[in-house]
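# Results of the structural survey
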Amino acid sequence: MSHTEADLAQLLHTGPFHLALRTALAVRGLPLQRVQHHLAHRGIRVGVTSLSYWQQGARRPQRPESLKAVRALEEVLQLPGNSLLRLLTEDTAARSEAERPAGRSYRSLVEASGSVEELLAELECPADGGLHTVGHHERVRIGAGRELVGRESQHVVRAHRDGVDRYLAIHHGDPGCDPSRVVVRAVENCRTGRVRWHAGTGVLVAELLFDARLRAGETYLFSYGFEDGTAGASGEYVRGFSFAGGQYVLQVRFDEAALPVRCRRFAQVSAGAPRGGRAELTLSGRHRTVHLVEQGVRPGILGIDWDWS
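Residues numbered from 1 in each chain as written. Predicted model: local features only at pLDDT ≥ 70, side-chain atom pairs only at ≥ 80, totals over all residues. Heavy atoms only, no water.

It is worth spelling out the overall build of the protein chain at this point. Along the protein chain, the regular secondary structure elements total eight helices and 13 strands. Within the protein chain, the proportion of its 309 residues that are buried is 44%. Contacts spanning at least 24 positions in sequence make up 71% of the contacts within the protein chain whose residues lie at least 6 apart. Here the protein chain displays about 15,500 Å² of accessible surface, and carbon together with sulfur accounts for 49% of that area. (Helix = DSSP H or I, 4+ residues; strand = E, 2+ residues; numbered from the N terminus. Buried < 20%, exposed > 50% of the residue type's maximum accessible area, 1.4 Å probe, protein only. Contact = heavy atoms within 4.5 Å. Areas by Shrake-Rupley, 256 points an atom, 1.4 Å probe, with all protein chains shown as cover.)

Dropping the structure here:
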């Protein structure tokens, strides 16, 4: 992709640092080996690998000698003084803020929050995993015995920091669920990593490894699922959201041998709060499904419940 002086000027104004550096290198037509040579003439020793990591966003110059090299890069690349250093400072501040997004704790969303938090800590998961949801389409299947047979998700996320390469998916089965028998399926653009569960609460956490390491701002689409069928009759499906996100679509499909008499959507502020946002849902005749669509998810709980009689 070709870059212009206008592109460079824009990125020097908006950042991020690594994109501005990469564009400056492209516009000036300087290979990394040549840049290293120019820096060496100024008495600054920086490896080509480090320069490559900086312009990819894989690493950030932070040590005093690295910051000195960035100041020299501004001269080599004929950039305004402090233009790259300013971006480094702003990126760091923005990153610190982005890594602490406002959201709800699992304790306010999930009755089995203690088990969820324990499993997430075991897998060394940060507060939000570095990802924001752009879109999530979830399909739930209820079997002939009224049990939760399984569910599939197609998930689109955006990284808000560099280096994110995994997602932790949580499955909370109905009462009586045996999480040791639940099967995790990595369907598209991911593979299954570590899996942990808590037998007493029916909670399972699965690590889904991406096929790429994301840079801040990049989106990623992946699909996964859980095969359950280990619990008794199901009367609802609930999804908790710790953070605001994009569109969420939930579809519940019933076996023709077990059709509910009534279905409703609902919303909750927290697990202990009363359910509001009630709306009746009509079961489609041919496909035996109901669904809800939320265009802009806010922290809280969404779900569909149903009556068997």
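The discussion continues.
Looking at the protein chain as a whole, its pLDDT mean stands at 87, while 90% of the residues score no less than 70. Ranking the helices and strands of the protein chain by mean pLDDT puts strand E4 (residues 183-188) first, with 97, and helix H7 (residues 106-109) last, with 42. Across residues 96-109 the pLDDT falls below 50, and counting only partners more than four positions away or on other chains, this stretch makes 33 contacts in the model. (pLDDT = per-residue confidence, 0-100.)

This paragraph deals with the packing of helix H1 (residues 5-14) against helix H2 (residues 17-28). Taken N-terminus to C-terminus, the directions of H1 and H2 make an angle of 155°; their axes are 9 Å apart at the nearest point. One element, H1, and the other, H2, form an angle in the roughly antiparallel class. Two packed elements cross with a definite hand, and for H1 against H2 that hand is left-handed. Residues Glu5, Asp7, Leu8, Leu11 and Leu12 of H1 form the contact with H2, whose own contacting residues are Leu19, Ala20, Thr23, Ala24, Val27 and Arg28. Counted by class, the contact of H1 with H2 contains seven nonpolar, one polar and three charged residues. (Axes fitted to C-alpha atoms, helices over the stretch in contact; angles between N-to-C directions. Parallel < 35°, antiparallel > 145°, perpendicular 65-115°, else oblique. Left-handed = near helix turned anticlockwise from the far one by under 90°. Nonpolar A, V, L, I, M, F, W, Y, C, P; charged D, E, K, R; others polar.)

To continue, consider the sheet that holds strand E10 (residues 262-268). Taking strand neighbours across the sheet as the criterion, the four strands line up as E8-E13-E10-E11 in an open arrangement whose pairing is antiparallel. The open sheet terminates on both sides in strands that have one partner only, identified here as strand E8 (236-241) and strand E11 (276-281). Strand-to-strand twist in this sheet, taken as the mean axis angle between neighbours without regard to direction, amounts to 15°. Sheet topology note: the E10/E11 ladder contains four bridges and is antiparallel. Bridge pairing in E11 links Arg264 to Glu280. (Pairing = 2+ DSSP bridges.)

Take the pattern of salt bridges next. As enumerated under the stated definition, the model contains 21 salt bridges in all. Residue Arg166 pairs with Glu207 through a salt bridge whose shortest N-O separation is 2.7 Å. With a gap of 41 residues between them, Arg166 in strand E3 (residues 164-172) and Glu207 in strand E6 (residues 203-214) connect regions that are remote in the sequence. Among the residues examined, Arg166 registers a relative accessible area of 35% and is labelled partly exposed. With a closest N to O distance of 3.0 Å, Arg265 and Glu294 form a salt bridge. One end of the pair, Arg265, is in strand E10; the other, Glu294, is in strand E12 (residues 289-294), with 29 residues separating them in the sequence. (Salt bridge = Lys/Arg side-chain N within 4 Å of Asp/Glu carboxyl O.)

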